[in-house]
Amino acid sequence: MKETISVLIPEKEIDKRLNEMVETISSDFKGKTITIIGVLKGSVMLMVDIAKKLKQPVEFDFIDISSYGEGLTSSGNIKINKDIENSIEGKYVLLVEDIIDSGRTLNYLLNYLKSKKPASLKVCTLLDKPERRVFDISVNYIGFEIPDEFVVGYGLDYAQKYRNLPYIGTLEIEE
Ligand code: PRP
């Protein structure tokens, strides 16, 4: 099997877009400590790069969930593998994702995290595939809208590979 990756979003373009996003995030969270929650594992690159560009105080936490099957229920098929470690009550939370596809993960996480009473809860994603959306959710900061293609790199994997690529690429697999 041959796997071919073509660059979709180059590293420099990601960096440029992150500068714009961080400017908006900084002004929205002005004077606040930002509690960044990364959704493992795909969001790690974005989380780190955003955090390095932010000038205000930042706290990190992580959550890892698995979803099973393609059912449309928001919570029935979802399991928390690793929960956040610190209380977010009264905190200004920025949830970071690498990609939003059906929106099932985010729909579940927003309901779950809201129940923990943060002062505010905003969402940032590098990639959005609006064509694939099933759940009606709103996202505050979106890096790039992309078509429904299989993408890897900058946190995104194919069978756990390619997460370390510094760019976003489309993956083609030939038998
Ligand atoms: C991916 C991605 C989102 C979710 C998006 O995670 O990081 O969390 O899927 O899909 P959805 O909008 O349809 O819910 P994945 O389960 O592949 O885990 P990973 O980040 O560890 O690769």
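Residues numbered from 1 in each chain as written. Predicted model: local features only at pLDDT ≥ 70, side-chain atom pairs only at ≥ 80, totals over all residues. Heavy atoms only, no water.

A few words now on the sheet that holds strand E6 (residues 120-128). Strand order in the open sheet made by the 6 strands is E4-E3-E2-E5-E6-E7, with mixed pairing throughout. Of all strands in the sheet, those with a lone pairing partner are strand E4 (78-82) and strand E7 (141-145), marking the two edges. Each strand axis lies, on average, 25° off the axis of its neighbour in the sheet, ignoring direction. (Pairing = 2+ DSSP bridges. Helix = DSSP H or I, 4+ residues; strand = E, 2+ residues; numbered from the N terminus. Axes fitted to C-alpha atoms, helices over the stretch in contact; angles between N-to-C directions.)

With that out of the way, let us pick up helix H2 (residues 44-53). Every buried residue of H2 is accounted for by Leu 46, Met 47, Ile 50 and Ala 51. Each buried residue of H2 sits inside an arc of 125° when the element is viewed along its axis, so together they form one side. (Buried < 20%, exposed > 50% of the residue type's maximum accessible area, 1.4 Å probe, protein only. Arc of directions from axis to C-beta.)

Moving on: the nonpolar core. Ranked by size, the top nonpolar core spans 27 residues in total, and within it Ile 25, Cys 124, Leu 126, Leu 127 and Ile 168 carry the most contacts. Looking at this core, the elements that each hand over two or more residues are helix H1 (11-28), strand E2 (34-39), H2, strand E5 (92-100), E6 and E7. With 5 residues, the top contributor of residues to this core is H1. In this structure Ile 168 touches Ser 6, Val 7, Leu 8, Ile 9, Ile 14, Leu 126, Leu 127, Val 151, Val 152, Gly 153, Tyr 154 and Leu 156, once residues within four positions along its chain are discounted. Of all hydrophobic cores here, the second largest spans 20 residues; its members include Ile 65, Ile 78, Tyr 112 and Val 139. (Core = buried A, V, L, I, M, F, W, Y, C linked by side-chain atoms within 4.5 Å. Contact = heavy atoms within 4.5 Å.)

Taken as a whole, the second largest pocket holds about 160 Å³ of empty space. Along the walls of the second largest pocket sit Glu 11, Ile 14, Asp 15, Leu 18, Met 45, Asp 49, Lys 52, Lys 53, Tyr 154, Leu 165 and Pro 166, which together make up its complete lining. Contributions of two or more residues to the lining of the second largest pocket are made by H1 and H2. Considered class by class, the residues forming the lining of the second largest pocket number 6 nonpolar, no polar and 5 charged. (1 Å grid on protein atoms, 1.4 Å probe; cavity = no way out; pocket = protein on both sides within 12 Å on 5 of 7 lines; lining within 4 Å. Points joined across faces, edges and corners; volume = space filled by probe spheres on them. Nonpolar A, V, L, I, M, F, W, Y, C, P; charged D, E, K, R; others polar.)

Right, let's get into the packing of aromatic side chains. Applying the stated rule across the entire model yields 3 aromatic pairs. With a centroid separation of 6.3 Å and 75° between ring planes, the pair formed by Phe 60 and Phe 62 is classed as edge-to-face. A relative accessible area of 39% means that Phe 60 is categorised as partly exposed. Ring geometry for Phe 150 and Tyr 158: centres 5.9 Å apart, planes at 90°, overall edge-to-face. On the basis of relative accessible area, Phe 150 is assigned to the partly exposed category, the value being 44%. Just above the ring of Tyr 92 sits the side chain of Lys 32; from NZ or CZ to the centre is 5.0 Å. A cation over a ring is seen here: Lys 122 above Phe 29, with NZ or CZ 5.9 Å from the ring centre. (Phe/Tyr/Trp six-rings, centres within 6.5 Å; stacked < 30°, edge-to-face > 60°. Lys NZ or Arg CZ within 6 Å of the ring centre and 35° of its normal.)

For the rest of this paragraph, the subject is the site of the ligand. In the vicinity of the ligand lie 14 residues, with Glu 97, Asp 98, Ser 102, Gly 103 and Thr 105 positioned nearest. Contact distances for the ligand include 2.9 Å between an oxygen atom and a backbone N or O atom of Lys 41. At the level of secondary structure, the elements contributing two or more residues to the shell around the ligand comprise E5 and helix H3 (104-114). The element best represented in the shell around the ligand is E5, accounting for 4 residues. A class-by-class count of the residues in the shell around the ligand yields 3 nonpolar, 4 polar and 7 charged. (Near = heavy atom within 4 Å. Polar contact = N/O pair within 3.5 Å; in protein donor to acceptor, adjacent residues only side chain to side chain.)

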